[in-house]
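Residues per chain are reported as follows:
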Amino acid sequence: MPGVPPQRFTYLGPEGTFAEQALLTLPAARNGVREPSATVPEALDAVRSGAVGAALVPLENSVEGAVGVTLDELAYGAPLLITRELLLQVRFGLFGRPGTKLESVRTVASHPHGLAQVRAWMRKHLPDAEQRSTSSTSDAAVAVARGDFDAAACAAVAGERQRLELLADDIGDSSTAVTRFVLVTRPGRPAERTGDDLTSLVAFIAHDRAGALLEVLTEFAVRGLNLTRIESRPTKERLGRYCFLLDCSGHIADDRVGEAVMGLRRICADVRFLGSYPAAEPSPPYTRRPGTSDADFADAAGWLRQIRDGATDRG
Ligand SMILES: O=C(O)C(=O)Cc1ccccc1
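Since the structure is predicted, the reported quantities are computational estimates derived from the model, not experimental observations.

Visitor: Explain unusual backbone geometry to me, please; I cannot follow it from the model alone.
Guide: It is generally the case that most residues other than glycine have a negative phi and that most peptide bonds are trans. A cis amide bond links G13 with the next residue in sequence, P14, at an omega value of -5°. Along the chain, the position of P14 falls in the loop between β1 (8-12) and α1 (18-23). For D170, which is not glycine, the phi dihedral falls at a positive 50°. Among the secondary structure elements, D170 is positioned in the loop between β10 (165-168) and β11 (178-185).

See the structure below:
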C-alpha cells in the first residue's frame, strides 16, 4: 500500500533459523523489514524498545516442551502481548565443513530443542559425539563454519548459507514434531476475536494455601473452558515456588473467558494477561462438563433475568 511504511519484524536469528522460516509464512512479514536478533531476550527487547513492531520467537515444541527463556521473558520481563501463534514442522540436516566425514564428527551443535529432536539419530550414528547448545540452529551453522564445532543440526537453508556440506539428511526422530512460535508486540489491544481463539495467561498462585492451583483450574472448568496447556515455571525466589502459564480456549472478549480471568484476579497473588489470538489449528474436540454448553449458560442467564424481573413463570 503506498504511503504505509513497511512493518518491522525481528526473529530469533541469524538468518536461516526455523523462526525465520515460520515468520516468512506471514504475508505482512514477507512484505516487511526483517532483522534477525541473536537471542530470544534480544528479540523481545527490540520490541520493548520500539526498534521493531513485532518479534517471532519459539515458545514450545511437541518433543521437548517449553522454550524456558521465552516463557520466562513473557512471565517476568517487561510486559508484552502475543498476537499470533504459528506452528511449523521442522526438518533437520547434519551439516559440516566441506570434506568432513561423518565418522570423524566429534562435536554436534544446535539449539537445545534441535538436539532433543535428533537424539535417537545421534545415539545410533554418532554415539560418542559431544552435543553443544547454541542460541539457535542457525547459530550452530555459523559456529561450525567458524570452526568451533564439527557439525550442526539445522535447516538446509542455514547449512547452505554457511556453505556447509550435508553429511546426513532428515535426521529428526519424529516426522510429526511441531514447533510453536509466537508473534509478540508491545502491550495493546488484543488481536481481533475470530471465534476459534486461544488466550494465554500467567497465574502467580498464593503458595501458602492448600488447593490454590485447584482453585485456578476450577475457574476454567466450571465455565466449560478447555485448557490446552499448563506449564509451571520456577519463580526463581526459592525452590518450590512456581508460576503457571496457562492457555485456554476462547478470547478475552468472550464472557466466559472474561469471567474466568476475573476469577483468577480475585484468587491469585497476581495474574498476567499474555494475549488472545487465533488458534493456528482448529481446537481439538473435547467433552464439556455437563451444564457448561453455550445453551446452558444462555438458559441460566435468561432464567435469572426472569426472576429479577419478577416474571411469574419461574420454571
Ligand atoms: O533455532 C531455531 O532455528 C529456532 O527457530 C528455534 C528452534 C530450535 C529447534 C527446533 C525448532 C525451533
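Picking up where we left off.
Visitor: Where do I start with helix α3 (residues 40-48) in this structure?
Guide: It helps to recall that an α-helix has 3.6 residues per turn; residues three or four apart then point in one direction. Looking only at α3, the buried set comprises V40, A43, L44, A46 and V47. Here the buried residues of α3 occupy an arc of 150° about the axis, which is enough to place them on one side. Buried residues along α3 sit in contact with β1, β2 (33-37), β3 (54-61), α4 (68-76) and β11. The distance from a side-chain oxygen at the start of α3 to the backbone nitrogen of E42 is 3.2 Å, and the residue carrying that oxygen is T39. Looking one or two residues past α3, G50 carries a phi angle of roughly 90°, positive in sign.

Visitor: Mind showing me how you'd approach the UniProt feature "domain: Prephenate dehydratase" (unreviewed entry) in the protein here?
Guide: Summarizing the sequence annotation, UniProt attributes the feature "domain: Prephenate dehydratase" (unreviewed entry) to residues 8-186 in the numbering used throughout. Helix makes up 32% of residues 8-186 and strand 32%, whereas the separation of the span's terminal C-alpha atoms amounts to 13 Å.

Visitor: In this structure, what is going on with the environment of G53? I would like to understand it.
Guide: With respect to the helices and strands, the residue G53 is situated in the loop between α3 and β3. Sequence spacing of G53 and V261 is 208 residues, and the spatial spacing of their C-alpha atoms is 27 Å.

Visitor: Got a minute to help me understand the UniProt feature "domain: ACT" (unreviewed entry) in the protein in this structure?
Guide: On the UniProt side, "domain: ACT" (unreviewed entry) is annotated at positions that read residues 201-278 here. From the first C-alpha to the last, residues 201-278 spans 15 Å; its make-up is 29% helix and 37% strand.

Visitor: Just to check I follow, could you spell out the site of the ligand for this structure?
Guide: Residues in contact with the ligand amount to 14 residues; listed here are only the nearest, F18, A19, S136, T137 and T179. Backbone polar atom of F18 to an oxygen atom of the ligand: 2.8 Å apart, as the coordinates give it. Within the side chain of T137, one N or O atom sits 2.5 Å away from an oxygen atom of the ligand. Relative to its free-state accessible area of 310 Å², the ligand is covered by the protein chains to the extent of 99%. Every element with two or more residues in the shell around the ligand is listed here: α1, α5 (112-117) and β11. When residues of the shell around the ligand are assigned to their parent elements, the largest contribution, three residues, is made by α5. Looking at side-chain class alone, the shell around the ligand contains six nonpolar, eight polar and no charged residues.

So, how was this worked out
Residues numbered from 1 in each chain as written. Predicted model: local features only at pLDDT ≥ 70, side-chain atom pairs only at ≥ 80, totals over all residues. Heavy atoms only, no water. Helix = DSSP H or I, 4+ residues; strand = E, 2+ residues; numbered from the N terminus. Buried < 20%, exposed > 50% of the residue type's maximum accessible area, 1.4 Å probe, protein only. Arc of directions from axis to C-beta. Contact = heavy atoms within 4.5 Å. Polar contact = N/O pair within 3.5 Å; in protein donor to acceptor, adjacent residues only side chain to side chain. UniProt positions renumbered as here; feature names shortened; annotations may be inferred. Near = heavy atom within 4 Å. Areas by Shrake-Rupley, 256 points an atom, 1.4 Å probe, with all protein chains shown as cover. Nonpolar A, V, L, I, M, F, W, Y, C, P; charged D, E, K, R; others polar.

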